[in-house]
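This is what each chain is made of:
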Amino acid sequence: MTKKTPQDLRSARWFAPDDLRSFGHRSRMMQLGYAEEDFRDKPVIGILNTWSELNTCHAHFRERVQDVKRGVAQAGGFGVELPSLSVDESFTKPTSMLYRNMLAMETEEMIRSHPLDGVVLMGGCDKTTPGLVMGAISAGVPMIYLPAGPMLRGNYAGKILGSGSDAWKYWDERRAGNISDEEWLGVQGGIARSAGTCMTMGTASTMTAIADAMGITLPGASSIPAVDANHLRMSASCGRRIVEMVWEDLTPDQIITEGACRNAAIVAMATGCSTNAVVHLIAMARRAGVDLTLDDLDALGRTTPLLANVRPSGKDYLMEDFYYAGGLRALMKQIEDRLDTSALTVTGKTMGENLAGAEVYNDDVIRPLDNPVYHEGSLAVLRGNLCPDGAVIKPAACDPKYYQHEGPALVFDSYPEMKAAVDDEDLEITPDTVMVLRNAGPQGGPGFPEWGMLPIPKALIKQGYRDMLRISDARMSGTSYGACVLHVAPESYVGGPLAFLKTGDIVRLDLEGRRLDMLVSDEELAARRAAWKAPERRFERGYGYMFSKHVTQADKGCDFDFLQSDFGATAGEPDI
Ligand code: FES
Ligand code: MG
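Residues numbered from 1 in each chain as written. Chains lettered and ligands numbered in written order. Predicted model: local features only at pLDDT ≥ 70, side-chain atom pairs only at ≥ 80, totals over all residues.

Would you explain the packing of helix H9 (residues 203-214) against helix H12 (residues 258-271) in this entry?
Two quantities define a packed helix pair, namely the angle between the axes and the distance from one axis to the other. H12 packs onto H9 with a crossing angle of 140° between their chain directions and a minimal axis gap of 8 Å. Classified by the angle their axes make, H9 and H12 are oblique. The element H9 and its partner H12 pack so that their crossing is right-handed. Along the contact surface, H9 presents Thr 206, Ala 209, Ile 210, Ala 213 and Met 214, while H12 presents Ala 260, Cys 261, Asn 263, Ala 264, Val 267, Ala 268 and Thr 271. Grouping the amino acids of the contact of H9 with H12 by side-chain chemistry returns nine nonpolar, three polar and no charged. (Axes fitted to C-alpha atoms, helices over the stretch in contact; angles between N-to-C directions. Helix = DSSP H or I, 4+ residues; strand = E, 2+ residues; numbered from the N terminus. Parallel < 35°, antiparallel > 145°, perpendicular 65-115°, else oblique. Left-handed = near helix turned anticlockwise from the far one by under 90°. Contact = placed C-beta atoms within 7 Å. Nonpolar A, V, L, I, M, F, W, Y, C, P; charged D, E, K, R; others polar.)

See below:
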């Protein structure tokens, strides 16, 4: 399948000519201690490493990059590590989502501007997967995605703990006065106990599963726990394979097709995906020129059963169990006839060939089609006079009594305002109240923060309630749960109808009919719209300024308008 010769290598433009510039490039490689035979006529592989000392999920990447390099060298390539923006989920404020597009831009430009023939993308923590992949799609050189892998199961006092989900669960119990400080500290020390990404089916595991199903990881790579020896071997295999991909000229446009994006969406539904997957999947697909819409995702959501019994949508298990049960290949095997098995993957083979022989080893973790965790997929898209451009909800993660609901709105304009109210034990609220937070979208947040799982007010917690209908133009963490309507578009900050909702208005959710409405007349809404004043921009300079000028709404994936594939011609190859 070799298509390229050493003379055709992209890096040869930097290193081969007998001219002064190339002399400069070669002499600088020698400054690094390399002889010409180390890098001449070989695929130069950029290993984009999103390691940092504040990215807890990528703590093992400092060592893992050596395994990748080992593989690259074995296959006759030359591997170079390129540190990349380490968008970590835990510490980045106001929200890591503000920086996903920055990582995408950095990835694209770093690839384009350097003598690279192919790239290995090392990511995993939520935004790093879409950020790296979006940039690499636009750059267009052969690429393979190396997922960080989930961390080990959490453990405290004989109890298994799940990332995110159990933090909220125990926090609610603490607020209700049901657990001691000692137990709370025990949970703190036990909930994250190894390198790797959150081990629930949160955004990280969803997004790496999506990459796997798109065919841009080695088959099943996304399920391997970060600290498992298989992860080291997979990393070396990525290094070997990318060198072959360069010779085969296997570029991302051949892999990330409409069929591959659909496969990714179906698998996302079957895994009980994070709601964030919607935004990232649309953004990645659009980079590849595939017009995947919210309606496409809703249609797949209605027909794809949830098979992964992994929290928070599943009840019982975590990613480590999912791996032992056969991992993503085994899950995909269950729904093979719904997938485009002809889709080409980084292996150079089709998805169907990659799935051959995959088996389920525990059918309570990876359920068969006749015994799903939930009969439909994990996401539903709503429309109505509150969200004309869509909103999402995760039915499998909320109490079915909210599927049809009507109640009075309690509206908050900011997170601090909402936070003060939920801690007020005398707050006037009923279990039917619909709690609403606005100004929390891409522009308003700013950056589209994960505030959407609004805390249940103390006044209700004390009465034993643990769920209620909540609505916002924010996102929520993939490890969250509850009756939360998210991503209301257009967001209130830019004048979406959510901006005109008032406390006391009746809100109606009809999940089956996929509707979300406020029972307010058109005339009254028009009057409120006329009286509305647009708020000031959040940023007056810097990256935030650029972000707020160019970010698209949730239904378009929140990419920057000028980075989308249909905005204009790409820069092409640089002059050297
Ligand atoms: Fe990194 Fe959850 S904090 S994956
Ligand atoms: Mg998360």
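What is the right way to read the sheet that holds strand S4 (residues 143-147) from this model?
Working definition: the strands of a sheet are paired by backbone hydrogen bonds and lie parallel or antiparallel to each other. Spatially, S2-S1-S3-S4 is the arrangement adopted by the four strands of the open sheet, whose pairing is parallel. The sheet is open, and its two borders are formed by strand S2 (78-83) and S4, each paired with just one other strand. Strand-to-strand twist of the sheet, defined as the mean angle between neighbouring strand axes without regard to direction, takes the value 20°. Direction of pairing for strand S3 (residues 118-123) relative to S4: parallel, over a ladder of five bridges. Opposite Leu 121, over in S4, you have Tyr 145 as the bridge partner. Across the face of the sheet, helix H6 (residues 128-139) comes into contact with strand S1 (44-49), S3 and S4 while running at roughly 165° to S3. (Pairing = 2+ DSSP bridges.)

Got a minute to help me understand the environment of Thr 128 in this structure?
Turning to its location among the elements, Thr 128 is positioned in helix H6. Once the C-alpha coordinates of Thr 128 and Pro 94 are considered, the two residues, 34 residues apart in sequence, prove to be 16 Å apart. Excluding residues that lie within four positions of it along the chain, Thr 128 makes contacts with Thr 50, Val 87, Leu 103 and Gly 123.

Whenever I open this one, the sheet that holds strand S11 (residues 470-472) confuses me. Can you help?
Pairing in this open sheet of six strands is mixed, and the strands run S12-S11-S10-S9-S13-S14 from one edge to the other. The outermost strands of the open sheet, each flanked by one partner alone, are strand S12 (484-485) and strand S14 (515-518). Two elements, strand S13 (residues 506-510) and S14, share four bridges in a ladder whose sense is antiparallel. Across the sheet, Leu 509 pairs through a bridge with Leu 516, a residue of S14.

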